[in-house]
Amino acid sequence: MTCRRLQGGFNLVELSVVLVILALLSGAGSRTYELVSQARAQTANSSRLIEANQAIRSYVARHKRLPCPDSRSNAQIAAGTPLPAACPVALTRGWFPYHAVGMEMPREGMRLFYGVQRTTAADLVQPKEIVSGEFASLDGASALIESLKLLAKASPSTALPYYKHPAPLAPDSSATAVIDCGTAGETINPAYVIIAPAKDLDRIGTIHPEFDDENSRFVSQQGSTLCFAHPNRPSSFRYDDLVVVESPIALLGWLTRLER
């Protein structure tokens, strides 16, 4: 009886199967790492937004106005260029005013962006002084309160920082509402907006690529658009920014309670 000797190793078919399995495992691991990394970035963003929003509230409580946006470019900030002595009337958006609210300036790519409502009648950065009124006060609170009341009653405008709120879906419609600047819905002008970037998911490649989609255009001022992403826009394969807004009514209610 002849004993056949078994030879070690794999044939080509077996090697191909092993390579396919390894490739699938590698792809799954890479995707898992990407999701975990994105989740961590959004958690950090959320913390930064909460801190920044609290700093804005503290600033308003002290100064009875909203801070001016930081109009410097990234290069000017890196070079230590001083801020302008005055806040230009037409300035409604810029980097978050870390200097004004007493927060440390983070590195480029992690800086928050900020927009604020400013009109001739109701300038939240330089509110007009009120001589008398229901909430007249010596510290200037009445001027900000009156400005917020005017903004709360004003007609929505795309000439000021805004986002679009989609119209309600028809009862018999099963389509999902799209929340973006092209939505045929209501224009919303918040008292202020703070935008936190995470990763460049849309690959637009603008001056500030860390911001995605509408926010990228709002920050880089492409086409002079003043529209930014809806604060409740869900994350997707091309968008992971976080947006926080404060409505004039909400800020008015908080400030009124603070003054009483």
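Up top is the structure these notes are about.
Analysis parameters
- Residues numbered from 1 in each chain as written.
- Predicted model: local features only at pLDDT ≥ 70, side-chain atom pairs only at ≥ 80, totals over all residues.
- Heavy atoms only, no water.
- Helix = DSSP H or I, 4+ residues; strand = E, 2+ residues; numbered from the N terminus.
- Buried < 20%, exposed > 50% of the residue type's maximum accessible area, 1.4 Å probe, protein only.
- Contact = heavy atoms within 4.5 Å.
- Salt bridge = Lys/Arg side-chain N within 4 Å of Asp/Glu carboxyl O.
- Core = buried A, V, L, I, M, F, W, Y, C linked by side-chain atoms within 4.5 Å.
- Pairing = 2+ DSSP bridges.
- Axes fitted to C-alpha atoms, helices over the stretch in contact; angles between N-to-C directions.
- Disulfide = S-S within 2.5 Å.
- Phe/Tyr/Trp six-rings, centres within 6.5 Å; stacked < 30°, edge-to-face > 60°.
- Lys NZ or Arg CZ within 6 Å of the ring centre and 35° of its normal.

A. Molecular detail of the environment of V245. Within the element layout of this structure, V245 appears in strand β6 (residues 242-246). Overall, the relative accessible area of 23% leaves V245 in the partly exposed class. Distance in space between the C-alpha atoms of V245 and P231 is 6.9 Å, their sequence separation being 14 residues. For V245, the contacting residues outside a window of four places in its chain are Y163, P190, Y192, V193, F228 and P231.

B. Region of interest: the pattern of salt bridges. Using the criterion set out here, one finds eight salt bridges in the structure. Of the charged contacts in the structure, one is a salt bridge between E146 and K149, with a shortest N-O distance of 3.4 Å. You can see E146 and its partner K149 sitting in helix α4 (residues 141-153), three residues apart, about one turn around the helix. For K149, a relative accessible area of 26% gives the class partly exposed.

C. A look at the nonpolar core. Grouped together as the largest cluster of nonpolar side chains are 32 residues, with contacts concentrated most on I56, L66, F96 and I194. Mapped by element, the contributors of at least two residues to this core are α1 (12-63), α3 (98-101), β2 (113-116), α4, β5 (192-196) and α6 (248-259). Of all the elements, α1 adds the most residues to this core, at six residues. Leaving out residues up to four positions away in the same chain, I56 has contacts with L66, P67, F96, V101, Y114, Y192 and I194.

D. Representation of the sheet that holds strand β1 (residues 93-95). If you walk across this open sheet you meet the four strands as β1-β2-β5-β6, and the pairing is antiparallel. Both outer strands of the open sheet, β1 and β6, are each paired with one neighbouring strand and no more. Strand-to-strand, the axes of this sheet are offset by a mean angle of 20°, without reference to chain direction. In this sheet, β5 lies alongside β2 in antiparallel orientation, the contact comprising four bridges. Note on β5: the bridge partner recorded for G115 is V193.

E. Region of the structure containing the state of the cysteines. Considering all chains together, one arrives at two disulfides under this definition. Disulfide pairing places C68 opposite C87 at an S-S distance of 2.0 Å. Across the S-S bond linking C68 and C87, the dihedral sits near 80°, which makes this disulfide right-handed. Taken together, the residues span a long stretch of sequence, with C68 in the loop between α1 and α2 (74-78) and C87 in the loop between α2 and β1 at a distance of 19 residues. Judged by relative accessible area, C68 falls into the buried class, the value being 18%. The residue that forms a disulfide with C181 is C227, at a sulfur-sulfur distance of 2.0 Å. Between C181 and C227 the disulfide shows an S-S torsion of about -100°. By sign, it is left-handed. Taken together, the residues C181 in the loop between β3 (163-166) and β4 (185-188) and C227 in the loop between α5 (213-220) and β6 connect sequence positions 46 residues apart.

F. Just the packing of aromatic side chains, in detail. Counted by the stated rule, this structure contains eight aromatic pairs. Relative to F211, the ring of W95 lies with its centre 6.2 Å away and its plane at 40°, an arrangement referred to as tilted. Of the two residues, W95 is situated in strand β1 and F211 in the loop between β5 and α5; the sequence distance between them amounts to 116 residues. Here F218 and F228 contribute two aromatic rings whose centre-to-centre distance is 5.4 Å and whose plane-to-plane angle is 65°, an arrangement assigned as edge-to-face. With F218 in helix α5 and F228 in the loop between α5 and β6, this residue pair connects regions lying 10 residues apart in the sequence. The exposure class assigned to F218 is buried, which follows from its relative accessible area of 0%. Taken together, the ring pairs connect W95, F113, Y163, F211, F218 and F228 into an aromatic cluster. Directly above the ring of F218 sits R93, whose terminal nitrogen or CZ lies 5.1 Å from the centroid. Of note, R233 hangs over the ring of Y239, and the distance from its end group to the ring centre comes to 4.2 Å.

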